[in-house]
Amino acid sequence: MTMNGDGVHGLNGETVALSEAKHINGTPSKSKIACENGEADIHAAKQNGTKRRTPSDTFSFTAEPTIDDIRRMQAEFTDERDWNQFHQPRNLLLAMVGEVGEVSELFQWRGEVTEGLPGWTDSEREHLAHELSDVLIYLVELAEKCHIDLPQAVLRKMALNRLKYPASKVHGSSKKYTEYKD
(Lines give C-alpha, C1' and ligand atoms only; values in the text may rest on other atoms or scores of the structure.)
Protein backbone atom coordinates (compact mmCIF):
# COMPACT_ATOMS: atom_id res chain seq x y z
CA MET A 1 0.00 0.00 0.00
CA THR A 2 1.11 3.50 -0.67
CA MET A 3 -0.23 6.81 0.47
CA ASN A 4 -0.59 10.25 -0.97
CA GLY A 5 -2.92 13.12 -0.17
CA ASP A 6 -5.87 11.18 -1.58
CA GLY A 7 -5.51 8.15 0.63
CA VAL A 8 -4.03 4.68 0.82
CA HIS A 9 -3.33 2.88 -2.44
CA GLY A 10 -3.50 -0.90 -2.32
CA LEU A 11 -1.16 -3.11 -4.29
CA ASN A 12 -3.66 -3.38 -7.14
CA GLY A 13 -4.03 0.38 -7.30
CA GLU A 14 -7.36 0.60 -5.48
CA THR A 15 -7.67 3.74 -3.38
CA VAL A 16 -9.15 4.00 0.09
CA ALA A 17 -9.30 7.40 1.73
CA LEU A 18 -7.34 7.58 4.97
CA SER A 19 -10.57 8.30 6.81
CA GLU A 20 -11.94 5.02 5.42
CA ALA A 21 -8.82 2.96 6.03
CA LYS A 22 -10.15 1.69 9.33
CA HIS A 23 -13.44 0.67 7.73
CA ILE A 24 -14.05 -1.78 4.92
CA ASN A 25 -17.51 -1.87 3.33
CA GLY A 26 -18.77 0.62 5.91
CA THR A 27 -18.03 -1.58 8.92
CA PRO A 28 -15.09 -1.42 11.28
CA SER A 29 -12.34 -3.75 10.17
CA LYS A 30 -10.45 -5.75 12.77
CA SER A 31 -7.81 -7.18 10.50
CA LYS A 32 -8.07 -5.55 7.07
CA ILE A 33 -6.94 -2.15 5.92
CA ALA A 34 -7.58 -1.09 2.35
CA CYS A 35 -7.10 -4.54 0.83
CA GLU A 36 -9.75 -7.21 1.27
CA ASN A 37 -8.00 -10.32 -0.05
CA GLY A 38 -4.62 -11.99 -0.05
CA GLU A 39 -4.18 -11.67 -3.82
CA ALA A 40 -3.41 -7.95 -3.90
CA ASP A 41 0.16 -8.23 -5.18
CA ILE A 42 -0.37 -11.17 -7.52
CA HIS A 43 -1.99 -9.16 -10.32
CA ALA A 44 0.88 -6.66 -10.34
CA ALA A 45 3.39 -9.52 -10.37
CA LYS A 46 1.74 -11.11 -13.41
CA GLN A 47 1.82 -7.79 -15.23
CA ASN A 48 5.53 -7.17 -14.69
CA GLY A 49 6.61 -10.80 -15.07
CA THR A 50 8.05 -11.28 -11.58
CA LYS A 51 7.36 -14.41 -9.59
CA ARG A 52 5.35 -13.77 -6.43
CA ARG A 53 4.09 -16.17 -3.84
CA THR A 54 0.43 -16.98 -4.04
CA PRO A 55 -1.82 -16.96 -0.97
CA SER A 56 -1.92 -20.76 -1.01
CA ASP A 57 1.85 -21.16 -0.68
CA THR A 58 2.60 -18.53 1.96
CA PHE A 59 2.18 -18.43 5.68
CA SER A 60 -0.50 -16.17 7.07
CA PHE A 61 -1.59 -15.08 10.52
CA THR A 62 -5.02 -15.73 11.91
CA ALA A 63 -7.39 -12.74 11.89
CA GLU A 64 -7.75 -12.71 15.65
CA PRO A 65 -6.65 -11.55 18.05
CA THR A 66 -6.14 -8.14 16.48
CA ILE A 67 -3.44 -5.75 17.66
CA ASP A 68 -6.09 -3.89 19.61
CA ASP A 69 -7.31 -7.15 21.19
CA ILE A 70 -3.73 -7.83 22.30
CA ARG A 71 -3.48 -4.28 23.67
CA ARG A 72 -6.69 -4.76 25.68
CA MET A 73 -5.64 -8.19 27.00
CA GLN A 74 -2.28 -6.83 28.15
CA ALA A 75 -3.88 -3.74 29.70
CA GLU A 76 -6.25 -5.96 31.69
CA PHE A 77 -3.40 -8.27 32.72
CA THR A 78 -1.31 -5.28 33.85
CA ASP A 79 -4.21 -3.57 35.66
CA GLU A 80 -5.09 -6.76 37.57
CA ARG A 81 -1.54 -6.85 38.94
CA ASP A 82 -1.15 -3.10 39.56
CA TRP A 83 1.90 -3.09 37.28
CA ASN A 84 1.19 0.16 35.43
CA GLN A 85 3.49 1.90 37.89
CA PHE A 86 6.35 -0.15 36.40
CA HIS A 87 5.22 -0.08 32.76
CA GLN A 88 6.50 3.28 31.61
CA PRO A 89 7.93 3.64 28.08
CA ARG A 90 11.60 3.28 29.06
CA ASN A 91 10.94 0.17 31.15
CA LEU A 92 8.83 -1.41 28.42
CA LEU A 93 11.51 -0.71 25.83
CA LEU A 94 14.21 -2.32 27.97
CA ALA A 95 11.97 -5.33 28.66
CA MET A 96 11.30 -5.70 24.93
CA VAL A 97 15.03 -5.54 24.14
CA GLY A 98 15.60 -8.28 26.71
CA GLU A 99 12.97 -10.44 25.03
CA VAL A 100 14.56 -9.83 21.61
CA GLY A 101 17.78 -11.10 23.19
CA GLU A 102 15.96 -14.26 24.25
CA VAL A 103 14.74 -14.75 20.66
CA SER A 104 18.33 -14.26 19.47
CA GLU A 105 19.57 -16.97 21.83
CA LEU A 106 17.25 -19.48 20.17
CA PHE A 107 18.94 -18.82 16.81
CA GLN A 108 22.48 -18.49 18.14
CA TRP A 109 24.94 -21.11 16.85
CA ARG A 110 22.46 -22.63 14.40
CA GLY A 111 23.95 -21.08 11.28
CA GLU A 112 21.50 -19.99 8.61
CA VAL A 113 17.95 -21.11 9.43
CA THR A 114 15.60 -21.94 6.58
CA GLU A 115 12.09 -20.50 6.41
CA GLY A 116 9.58 -22.68 8.23
CA LEU A 117 12.26 -23.89 10.67
CA PRO A 118 12.72 -27.42 9.34
CA GLY A 119 14.65 -29.47 11.82
CA TRP A 120 13.29 -27.61 14.84
CA THR A 121 11.41 -29.71 17.36
CA ASP A 122 7.88 -28.86 18.45
CA SER A 123 9.30 -27.83 21.81
CA GLU A 124 11.82 -25.47 20.18
CA ARG A 125 9.11 -23.94 17.99
CA GLU A 126 6.85 -23.43 21.00
CA HIS A 127 9.69 -21.79 22.93
CA LEU A 128 10.22 -19.43 19.97
CA ALA A 129 6.48 -18.70 19.86
CA HIS A 130 6.57 -17.72 23.55
CA GLU A 131 9.54 -15.40 23.11
CA LEU A 132 8.15 -13.76 19.97
CA SER A 133 4.85 -13.27 21.79
CA ASP A 134 6.69 -11.51 24.63
CA VAL A 135 8.31 -9.16 22.08
CA LEU A 136 4.96 -8.40 20.46
CA ILE A 137 3.19 -7.83 23.78
CA TYR A 138 5.86 -5.36 24.91
CA LEU A 139 5.86 -3.64 21.51
CA VAL A 140 2.08 -3.18 21.59
CA GLU A 141 2.12 -1.93 25.17
CA LEU A 142 5.00 0.46 24.39
CA ALA A 143 3.06 1.83 21.40
CA GLU A 144 0.00 2.29 23.63
CA LYS A 145 1.99 4.14 26.30
CA CYS A 146 3.50 6.38 23.59
CA HIS A 147 0.06 6.89 21.96
CA ILE A 148 1.23 5.45 18.62
CA ASP A 149 -1.49 3.83 16.50
CA LEU A 150 0.60 0.97 15.11
CA PRO A 151 -1.64 -0.02 12.16
CA GLN A 152 -1.74 3.56 10.92
CA ALA A 153 1.98 3.98 11.58
CA VAL A 154 2.64 0.87 9.47
CA LEU A 155 0.64 2.32 6.59
CA ARG A 156 2.62 5.54 6.72
CA LYS A 157 5.95 3.71 7.04
CA MET A 158 5.19 1.36 4.13
CA ALA A 159 4.37 4.39 1.97
CA LEU A 160 7.72 5.94 2.89
CA ASN A 161 9.52 2.64 2.24
CA ARG A 162 7.97 2.43 -1.24
CA LEU A 163 9.33 5.90 -1.98
CA LYS A 164 12.80 5.09 -0.61
CA TYR A 165 12.96 1.67 -2.25
CA PRO A 166 11.15 1.73 -5.61
CA ALA A 167 10.96 -1.83 -6.92
CA SER A 168 12.22 -0.78 -10.34
CA LYS A 169 15.43 0.50 -8.76
CA VAL A 170 16.15 -1.95 -5.95
CA HIS A 171 14.79 -5.28 -7.19
CA GLY A 172 17.05 -8.10 -5.98
CA SER A 173 19.45 -5.82 -4.11
CA SER A 174 19.97 -5.42 -0.37
CA LYS A 175 21.68 -2.02 -0.54
CA LYS A 176 20.50 0.76 1.74
CA TYR A 177 18.43 3.44 0.01
CA THR A 178 21.26 5.97 0.39
CA GLU A 179 23.45 3.80 -1.87
CA TYR A 180 21.17 4.03 -4.91
CA LYS A 181 21.86 6.62 -7.56
CA ASP A 182 19.10 8.29 -9.58
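As the structure is a prediction and not an experimental result, all values here were calculated from the model.

### Let's talk about the overall build of the chain
- For the chain, the helix and strand inventory stands at six helices and five strands.
- Burial analysis of the chain (182 residues in total) assigns 21% to the buried set.
- For the chain, the proportion of contacts with a sequence separation of at least 24, taken over those separated by at least 6, is 50%.
- Working note: accessible area of the chain is about 13200 Å², and carbon and sulfur atoms make up 54% of it.

### Some words on the nonpolar core
- Residues Leu92, Met96, Val103, Leu106, Leu117, Trp120, Leu128, Val135 and Leu142 constitute the largest nonpolar core, which totals nine residues.
- Sorting the residues of this core by element identifies α3 (89–107) and α4 (122–145) as the ones contributing at least two each.
- The leading source of residues in this core is α3, at four residues.

### Things to note about the pattern of salt bridges
- Inspection of the entire model under this criterion finds six salt bridges.
- With its nearest N and O atoms 2.7 Å apart, the salt bridge here joins arginine 71 to aspartate 68. Of this pair, arginine 71 and aspartate 68 both sit in helix α2 (residues 67–80), three residues apart, roughly one helical turn.
- Owing to a relative accessible area of 34%, aspartate 68 belongs among the partly exposed residues under this scheme.

### Some points on the confidence of the model for the chain
- When pLDDT is averaged across the chain, the result is 78; 68% of the residues are at 70 or more.
- Note that pLDDT drops below 50 for residues 1–50; the model gives that stretch 82 contacts with residues more than four away or on any other chain.

### Regarding the environment of asparagine 84
- Take asparagine 84: it is sitting in the loop between α2 and α3.
- Each C-alpha atom, one on asparagine 84 and one on lysine 145, is 10.0 Å from the other, the two residues being 61 residues apart in sequence.
- For asparagine 84, the contacting residues outside a window of four places in its chain are Thr78, Asp79, Glu141 and Lys145.
- Of note is the side chain of asparagine 84, whose polar atom sits 2.7 Å from the side chain of lysine 145.

### Observations regarding the packing of aromatic side chains
- A full pass over the atoms with the stated rule returns three aromatic pairs.
- Their ring planes at 90° and their centres at 5.3 Å tell us that phenylalanine 59 and phenylalanine 61 sit as a pair that is edge-to-face.
- Considering the side-chain rings of phenylalanine 77 and tryptophan 83, the 5.7 Å spacing of their centres and the 75° angle between planes classify their relative orientation as edge-to-face.
- Judged by relative accessible area, which is 34%, phenylalanine 77 ranks as partly exposed.
- By relative accessible area, which is 35% here, tryptophan 83 ends up partly exposed.
- We note arginine 81 situated over the ring of phenylalanine 77; from NZ or CZ to the ring centre the distance is 3.6 Å.

### Structural notes on the packing of α2 against α4
- The interhelical angle for the contact between α2 and α4, taken along N-to-C directions, is 85°, at an axis separation of 9 Å. With respect to α4, the element α2 is oriented roughly perpendicular. Contact with α2, carried on its side by Ile67, Ile70, Arg71, Gln74, Ala75 and Thr78, involves Leu136, Ile137, Val140, Glu141 and Glu144 of α4 and no other residues of that element.
- Of the residues assigned to the contact of α2 with α4, the class counts are six nonpolar, two polar and three charged.

Conventions used here
Residues numbered from 1 in each chain as written. Predicted model: local features only at pLDDT ≥ 70, side-chain atom pairs only at ≥ 80, totals over all residues. Heavy atoms only, no water. Helix = DSSP H or I, 4+ residues; strand = E, 2+ residues; numbered from the N terminus. Buried < 20%, exposed > 50% of the residue type's maximum accessible area, 1.4 Å probe, protein only. Contact = heavy atoms within 4.5 Å. Areas by Shrake-Rupley, 256 points an atom, 1.4 Å probe, with all protein chains shown as cover. Core = buried A, V, L, I, M, F, W, Y, C linked by side-chain atoms within 4.5 Å. Salt bridge = Lys/Arg side-chain N within 4 Å of Asp/Glu carboxyl O. pLDDT = per-residue confidence, 0-100. Polar contact = N/O pair within 3.5 Å; in protein donor to acceptor, adjacent residues only side chain to side chain. Phe/Tyr/Trp six-rings, centres within 6.5 Å; stacked < 30°, edge-to-face > 60°. Lys NZ or Arg CZ within 6 Å of the ring centre and 35° of its normal. Axes fitted to C-alpha atoms, helices over the stretch in contact; angles between N-to-C directions. Parallel < 35°, antiparallel > 145°, perpendicular 65-115°, else oblique. Nonpolar A, V, L, I, M, F, W, Y, C, P; charged D, E, K, R; others polar.

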